[in-house]
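# Summary of structural features
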Amino acid sequence: MSLLDLGLDSSFDAAMTFVQSTLENINAGCDEPIVDIDFVRSRDPDTVLSAFTASCDVLHVMAHGDHSVTPTFSSTDGKVEISLEQLGEAAAKLGQGISTSAIIADGCKTGTGVWQKAVRDCLQGEVTYIGTSAIIGWHESGVFCSAFYGALFRNRGRGMTASEQTRDAADRAIQAYTLLTDKNCPFKVMTLRPSQRARTLLG
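Because the structure is a prediction, the values reported are computed rather than measured. (Residues numbered from 1 in each chain as written. Predicted model: local features only at pLDDT ≥ 70, side-chain atom pairs only at ≥ 80, totals over all residues. Heavy atoms only, no water.)

## Digging into the pairing of strand S7 (residues 127-132)
Counting buried positions along S7 yields six of six residues, so the element is predominantly enclosed. Side-chain alternation along S7 places Val127, Tyr129 and Gly131 on one buried face and Thr128, Ile130 and Thr132 on a second face that is also buried. Summarising the sheet, strand S6 (residues 102-106) and S7 pair through three bridges and their orientation is parallel. Bridging across to S7, Ile103 finds its partner in Tyr129. Handedness of the crossover joining S6 and S7 through helix H4 (residues 113-120) is recorded here as right-handed. (Buried < 20%, exposed > 50% of the residue type's maximum accessible area, 1.4 Å probe, protein only. Helix = DSSP H or I, 4+ residues; strand = E, 2+ residues; numbered from the N terminus. Pairing = 2+ DSSP bridges. Right-handed = clockwise from strand over helix to strand, strands pointing away.)

## Quick word on the nonpolar core
Membership of the largest hydrophobic core comes to 24 residues, with the highest contact counts inside it found for Val58, Ile130, Phe144, Phe148, Tyr149 and Leu152. Counting residues per element, the ones that place at least two in this core are S6, helix H5 (138-154), helix H6 (162-181) and strand S8 (187-192). Here this core takes nine residues from H5, the largest share from any one element. Core analysis: the next-biggest nonpolar cluster, separate from the first, contains 23 residues, Phe52, Leu59, Ala105 and Leu192 among them. (Core = buried A, V, L, I, M, F, W, Y, C linked by side-chain atoms within 4.5 Å.)

## A look at the pattern of salt bridges
Per the counting criterion, the structure on display carries three salt bridges. Residue Asp121 pairs with Lys117 through a salt bridge whose shortest N-O separation is 3.7 Å. Exposure remark for Asp121: the relative accessible area of 15% places this residue in the buried category. We classify Lys117 as exposed; its relative accessible area is 52%. Put simply, Glu126 and Arg193 hold a salt bridge, and the shortest N to O gap is 3.0 Å. In this pair, Glu126 is assigned in the loop between H4 and S7 and Arg193 in the loop between S8 and helix H7 (196-202), connecting sequence segments 67 residues apart. (Salt bridge = Lys/Arg side-chain N within 4 Å of Asp/Glu carboxyl O.)

## Digging into the environment of Thr110
Assignment of secondary structure puts Thr110 in the loop between S6 and H4. Separated by 39 residues in sequence, Thr110 and Pro71 have C-alpha atoms that sit 8.1 Å apart. What Thr110 contacts, discounting residues up to four positions off in sequence, is Ala105, Trp115, Tyr129, Gly131 and Thr132. At 2.6 Å, the side chain of Thr110 forms a polar contact with the backbone oxygen of Ala105. (Contact = heavy atoms within 4.5 Å. Polar contact = N/O pair within 3.5 Å; in protein donor to acceptor, adjacent residues only side chain to side chain.)

## Describing the packing of aromatic side chains
Between two aromatic rings, the relevant description is the distance of the centres plus the angle of the planes. Here the structure, examined in full by the defined rule, presents three aromatic pairs. Judged by centre distance (6.1 Å) and plane angle (15°), the ring pair of Phe144 and Phe148 falls under stacked. Of this pair, Phe144 and Phe148 are both found in helix H5, four residues apart, which corresponds to roughly one turn of the helix. Here Phe144 and Phe148 have matching classes, each one buried. Ring centres of Phe144 and Phe187 lie 4.1 Å apart, and the angle between their planes is 5°; this geometry places the pair in the stacked category. Here Phe187 lies in strand S8 and Phe144 lies in helix H5, a separation of 43 residues in the sequence. (Phe/Tyr/Trp six-rings, centres within 6.5 Å; stacked < 30°, edge-to-face > 60°.)

## Some points on the sheet that holds strand S1 (residues 37-38)
Spatially, the five strands line up as an open sheet ordered S1-S2-S6-S7-S8, and their pairing is mixed. What marks the edges here is a single partner per strand, and that holds for S1 and S8. Bridge count for S7 against S8 is six bridges, and the pairing is antiparallel. Across the sheet, residue Gly131 finds its bridge partner in S8, namely Lys188. Packed onto the sheet, H5 meets S1, strand S2 (58-62), S6, S7 and S8 and runs at close to 170° relative to S2. In the packing of H6 onto the sheet, the strands contacted are S6, S7 and S8, and the crossing angle to S8 comes to about 160°. (Axes fitted to C-alpha atoms, helices over the stretch in contact; angles between N-to-C directions.)

See below:
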């Protein structure tokens, strides 16, 4: 397991540690992980691109989300910025886009229309996409992700496709978040399909 680490601050480090410990507890006693979840710890854009084009069940991206100009993952210190446009262009040159079954874009306002459009330009095929509609911190991330992975692992292999399992787990996590916090959940789940641009460049 790996995590896309773009120089995050301590609050996101806390969320990362909490999510990873949750996964380790669920996988305890298993010879192999029940679900293939890709985290990447790197500031190197080439390594990040490799993660985005790798095949896995869930690609979990935890970073600051910027949507003011173009959807971009950025570091706390401002030294690293990787836009989805850059990732899409690099993937197009390789003829290989995002091919995971599900993406968790665990950052601020990553579920907005501009983010959805940018992700669709990078897709190799249909994905279940989980993004946010608000500014979030480690608490929101920790509550949702622990509930999400708990539901995903419980329902693994019960006659549903990988995308159906992810959507079901996300719906359950949203309900759990609302019940636990008595607030609307900032995470939302949707199905995204490759844009015409992605179909042309990556098809």
